[in-house]
Amino acid sequence: IQCNSGLRSGRFSGVVNIILNNPKKRNALSLAMLNSLHADILHEADSSALRVIIISAEGPVFSSGHDLTELTSKQGPEHHTKIFETCAEVMHLIQDIPVPVIAKVNGTATAAGCQLVASCDIAVASNKSTFATPGVNVGLFCSTPAVALGRAVPRKVYAFTGAPISANDALLHGLVSKVVPEEKLEEETMKIVRMICKASRPVVALGKNTFYRQMAQERKTAYRLASQVMVENLALIDGQEGIKAFIEKRQPVWTNSPDNAHE
């Protein structure tokens, strides 16, 4: 994995680019790759300058999923358990980290690779990309990818046949956020990055955390949680700055501070 940080300087400061870079192995999510991905996501997590993480890949395959050579009887159940536990930790981390994570997909994403796309907050795909959960065809049903996919797409879209879907079908069903021509992928991804960077970091962090929490709750409990968080949001310095800027018909000046405006 390549991890390029633009936190301190450069045209797009505040951005960490994580690039899956093992195209000869179809960017398989081996245990080593998963551990590297976990470490790179956490690398600048404590930096107040971090605003966005982008996950992309080298080669024609975004990720083919788990490395099947690690899933034979030779390694045994303990090793297999470690792989799936580590993979789940990475998927949790993507949604728990307080900044948006964008999947920039230009190619095929299958099985756990498709799970990775579904776990990201935003996914921008080129029109050459395809998505599938083909494990059933090799005797290993994609049960863990189904956790992320089942929360991203309607349940009847989740294919029991393992057949791939196009980028446009993935957009139609909510797996990706936007589909663009390959030559526009970088440009369109950075448009989204710039929009995120215009917002207040603590406000985005609070909103992301609350979104995933309330989605796991029944409606009345979700409303109670969201209402309390709205009050907490208004107590932030940037929450009050945004309101004042709107009333005064000016652009807000964010402090990006997690501190409260209320005494």
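None of the values given here were measured: they were computed from a predicted structure.

Asks: Looking at this model, I keep getting lost on the overall build of the protein. Mind explaining?
Replies: When its secondary structure is counted, the protein shows nine helices and ten strands. Taken over C-alpha atoms, the radius of gyration comes to 19 Å for the protein, in line with the 18 Å a tight globule of 263 residues would show. Split into buried and exposed, the 263 residues of the protein put 44% on the buried side. Look at the contacts in the protein between residues 6 or more apart in sequence, and 65% of them connect residues 24 or more apart.

Asks: Help me understand unusual backbone geometry, please; the structure alone is not making it clear to me.
Replies: Backbone phi values are negative for most residues with the exception of glycine, while trans is the configuration of most peptide bonds. Of note in the backbone geometry, Lys249 takes a positive phi value of approximately 55 degrees without being a glycine. Structurally, the position occupied by Lys249 is in the segment after α9 (237–247). Despite not being glycine, Asn256 shows a phi value in the positive range, around 55 degrees. Along the polypeptide, Asn256 turns up in the segment after α9.

Asks: Explain the side chain of Lys104 to me, please; I cannot follow it from the model alone.
Replies: With respect to the helices and strands, the residue Lys104 is situated in strand β5 (residues 101–105). We classify Lys104 as buried; its relative accessible area is 15%. Excluding residues within four positions of it along the chain, Lys104 makes contact with Ile54, Ile55, Ser56, Ala57, Phe62, Val124, Leu185, Glu186 and Thr189.

Asks: Can you help me understand the side chain of Ser119 in this one?
Replies: For Ser119, the location among the structural elements is in helix α3 (residues 112–119). Since its relative accessible area comes to 2%, Ser119 is described here as buried.

Asks: Looking at this structure, I do not really get the sheet that holds strand β6 (residues 108–110). What am I missing?
Replies: Within a sheet, each strand pairs with its neighbour through backbone hydrogen bonds, oriented either parallel or antiparallel. The strand order across the open sheet built from four strands is β4-β6-β8-β9, with neighbouring strands paired in mixed fashion. On the outer flanks of this sheet lie β4 (61–63) and β9 (165–166), each paired with one strand and no other. Sheet topology places β6 next to strand β8 (residues 130–132); three bridges connect them, and they run parallel. When the bridges of β8 are listed, Thr108 appears paired with Thr130. Against the sheet, α3 engages β4, β6 and β8, with an angle of about 100 degrees to β6.

Asks: Mind showing me how you'd approach the confidence of the model for the protein here?
Replies: A low pLDDT score tells you not to read the predicted coordinates there in detail. In the predicted model, the protein carries a mean pLDDT of 93, and 95% of its residues have values of at least 70. Contacts for the low-pLDDT stretch residues 6–11, under 50 throughout, to residues beyond four places or in other chains number 13 contacts.

Asks: For this particular structure, what's the right way to read the packing of aromatic side chains?
Replies: Aromatic ring pairs are defined here through the distance separating the ring centres and the angle between the ring planes. Counting across every chain of the model gives one aromatic pair. Centroid distance Phe211 to Tyr212: 5.3 Å. Interplanar angle 75 degrees. Geometry classified as edge-to-face. For Phe211, a relative accessible area of 43% translates into the label partly exposed.

Asks: Whenever I open this one, the nonpolar core confuses me. Can you help?
Replies: The nonpolar side chains of a soluble globular protein tend to be buried with one another. Grouped together as the largest cluster of nonpolar side chains are 47 residues, with contacts concentrated most on Ile41, Ile53, Ile55, Ile94, Phe131, Leu175 and Val176. Considering every element that reaches this core, the biggest residue donor is helix α2 (residues 76–96), with six residues. Of all hydrophobic cores here, the second largest spans twelve residues; its members include Ile54, Val180, Val193 and Ile196.

Asks: Would you mind showing me how to read the pairing of strand β3 (residues 52–57) here?
Replies: Regular strands show a simple pattern: their side chains alternate between the two faces of the sheet. The buried fraction of β3 amounts to five of the six residues, a majority that puts the element mostly inside the structure. Bridging between strand β2 (residues 15–20) and β3 involves six bridges; their strand directions are parallel. Bridge pairing links Asn17 to Ile54 in β3. Taken together, β2, helix α1 (residues 31–42) and β3 constitute a β-α-β crossover, and its handedness is right-handed.

The rules we used
Residues numbered from 1 in each chain as written. Predicted model: local features only at pLDDT ≥ 70, side-chain atom pairs only at ≥ 80, totals over all residues. Heavy atoms only, no water. Helix = DSSP H or I, 4+ residues; strand = E, 2+ residues; numbered from the N terminus. Rg over C-alpha atoms; globule rule 2.2 N^0.38 Å. Buried < 20%, exposed > 50% of the residue type's maximum accessible area, 1.4 Å probe, protein only. Contact = heavy atoms within 4.5 Å. Pairing = 2+ DSSP bridges. Axes fitted to C-alpha atoms, helices over the stretch in contact; angles between N-to-C directions. pLDDT = per-residue confidence, 0-100. Phe/Tyr/Trp six-rings, centres within 6.5 Å; stacked < 30°, edge-to-face > 60°. Core = buried A, V, L, I, M, F, W, Y, C linked by side-chain atoms within 4.5 Å. Right-handed = clockwise from strand over helix to strand, strands pointing away.

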